[in-house]
Amino acid sequence: MDTESTYSGYSYYSSHSKKSHRQGERNRERHKSPRNKDGRGSEKSVTIQAPTGEPLLANDSARTEEAQDDNWGETTTAITGTSEHSISQEDIARISKDMEDSVGLDCRRYLGLTVAAVLGLLVFLTPIAFILLPPILWRDELEPCGTICEGLFISVAFKLLILLIGTWALFFRKQRADMPRIFVFRALLLVLIFLFVVSYWLFYGVRILDSRDRNYQGIVQYAVSLVDALLFIHYLAVVLLELRQLQPMFTLQVVRSTDGESRFYSLGHLSIQRAALVVLENYYKDFTIYNPNLLTASKFRAAKHMAGLKVYNVDGPSNNATGQSRAMIAAAARRRDSSHNELYYEEAEHERRVKKRRARLVVAVEEAFIHIQRLQAEEQQKAPGEVMDPREAAQAIFPSMARALQKYLRTTRQQNSHSMESILQHLAFCITHSMTPKAFLERYLSAGPTLQYDRERWLSTQWRLVSDEAVTNGLRDGLVFVLKCLDFSLVVNVKKIPFIMLSEEFIDPKSHKFVLRLQSETSV
């Protein structure tokens, strides 16, 4: 079954010809009315198919969303034109800014990697050069070393191998993010290694190369001491970069500015920028996806209240705007007393609609899964060439549940979070692993973590870190910093974990003895 036949259960197409369609469109253009603007008419629903990968439903304004009833799909005529490639002036400005930022970040990232790679190559080649240069330059003048030097050669080889593996495990990792500032401890370690190697080279050039030292065993031991010192520096790097931050010292409260959703995390001694990175990594897996459609209800309610206020100028044009504004404020204050009743009934009506459409969706999905189970039983008797794969099976049963899912996602304002392709992929995944209808519906009945949805629905190109202090400073008690993206921000409040005092109290097991007191009035 192709994609168009699958989507036909989701959209409603008119059976008229192209000519009658154009005539109807011209008639609607000539006879516009408030009824047509609201999208209501006596005809059946006609929707032009959107390209695959677009949101499940197009964005509607808050006014249209509030005005919909349960029979919206049967009383609405929607003629839409879609374009797969559209761009605005704001998008062009944002894309150009992102390109400039990405070029600067790429240059800085590759420069740091180049410096680290060159320094690492210098570190590993230095002990080998210390051992090989004397035999190459003055072989005949060297004193014989014998078995001692051969044992030192084996020691140097294995120590360099251990150092190589440790360096690869600690430093050569895929970068998780681009930081606004350098990592202080990492930079200090690089500077320390550079000064250490340069000092060894200076001593080697003055005391060994210039004087042509003949004691080859001492030269090899000098190289071994360099490798030992490099191993100790690597141990210092493990302590500073990995072990120091393991013990929790601070509690971070992260609050999303739009809906107030919050989480708590415990961190050790970290800089502000690294703490921000940890917060963002946990945000994508712990916070529910940001849905701006859920915030439009209060704005629409306030706009509706203000739209119902009318001010009449009975004294002529002499009155200024100050009197009108005061009159509107006073009228809004009088209407505020009854607004809580309106809010109560609106929420009750919305909950009723959600429960009804949820019940319809659950029944439709259960019937669809029963159908696919029946297909599986029938497919066992067919030839191997006629067996349906999970994708075809998902396309076969999707039209039977598409309308109920469409209405439920519109009612709960989740239409922007799910595309038709993502729903089909999730349905095919559930069929492949023999999941129940409840497992399929869990993604749509309750909002999940951000990572559960498609990356293009939530991935922010850039976060901005706003702090009163330098981002390379460490965390402290009472610190507040903000992580901003395009639509919302995360406010992070740092609190130090309090010092806890525990005392021990010993109770003798022999003291657990009791006496039963009997009274004459009791039945015992």
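Quick notes on the rules
Residues numbered from 1 in each chain as written. Predicted model: local features only at pLDDT ≥ 70, side-chain atom pairs only at ≥ 80, totals over all residues. Heavy atoms only, no water. UniProt positions renumbered as here; feature names shortened; annotations may be inferred. 1 Å grid on protein atoms, 1.4 Å probe; cavity = no way out; pocket = protein on both sides within 12 Å on 5 of 7 lines; lining within 4 Å. Points joined across faces, edges and corners; volume = space filled by probe spheres on them. Helix = DSSP H or I, 4+ residues; strand = E, 2+ residues; numbered from the N terminus. Nonpolar A, V, L, I, M, F, W, Y, C, P; charged D, E, K, R; others polar. Phe/Tyr/Trp six-rings, centres within 6.5 Å; stacked < 30°, edge-to-face > 60°. Lys NZ or Arg CZ within 6 Å of the ring centre and 35° of its normal. Axes fitted to C-alpha atoms, helices over the stretch in contact; angles between N-to-C directions. Parallel < 35°, antiparallel > 145°, perpendicular 65-115°, else oblique. Contact = heavy atoms within 4.5 Å.

As named in an unreviewed UniProt entry, the chain is Vang-like protein, taken from Odocoileus virginianus. Annotation of the chain in UniProt includes, under Sequence similarities (unreviewed entry), the sentence "Belongs to the Vang family." On record in UniProt, under Subcellular location (unreviewed entry), the comment for the chain is "Cell membrane".

> What is the right way to read the layout of surface pockets from this model?
Over the atoms rolls a probe the size of a water molecule, and its path tells where empty space is left. Taken as a whole, the second largest pocket encloses approximately 1700 Å³ of empty space. Considering the residues around the second largest pocket, the lining is formed by 48 residues, among which Leu 113, Phe 171, Gln 175, Phe 183 and Arg 186 are closest to the centre. Of all the secondary structure elements, the ones that give two or more residues to the lining of the second largest pocket are α5 (89-138), α6 (147-170), α7 (184-209), α8 (216-243) and α9 (272-286). The residue makeup of the lining of the second largest pocket, split by class, is 31 nonpolar, seven polar and 10 charged.

> I tried to follow the packing of aromatic side chains on my own but got confused; where do I start?
Aromatic rings in a pair are described by how distant their centres are and how their planes are angled relative to each other. Taken as a whole, this structure holds 19 aromatic pairs when the rule is applied. For the ring pair Trp 201 and Tyr 204, a centre distance of 5.9 Å and an interplane angle of 85° mean the geometry is edge-to-face. With a gap of three residues between them, Trp 201 and Tyr 204 both fall in helix α7, about one helical turn apart. For the cation-ring pair, Arg 256 lies above Phe 488, with the distance from its terminal atom to the ring centre recorded as 5.9 Å. Lying across the ring of Phe 287, Arg 263 places its NZ or CZ 5.2 Å from the centre.

> Teacher, can you tell me more about the packing of α7 against α8 here?
What describes two packed helices is the angle between their axes and the distance between those same axes. Between α7 and α8, the shortest axis-to-axis distance is 11 Å and the interhelical angle comes to 170°. Classified by the angle between their axes, α7 and α8 sit roughly antiparallel to one another. Each of Phe 185, Arg 186, Leu 189, Leu 192, Ile 193, Phe 196, Tyr 200, Phe 203, Tyr 204 and Ile 208 in α7 lies in contact with α8, whose residues at this interface are Ile 219, Tyr 222, Ser 225, Leu 226, Ala 229, Leu 230, Ile 233, Leu 236, Ala 237, Leu 240 and Leu 241. When the residues that make up the contact of α7 with α8 are grouped by side-chain class, the tally is 19 nonpolar, one polar and one charged.

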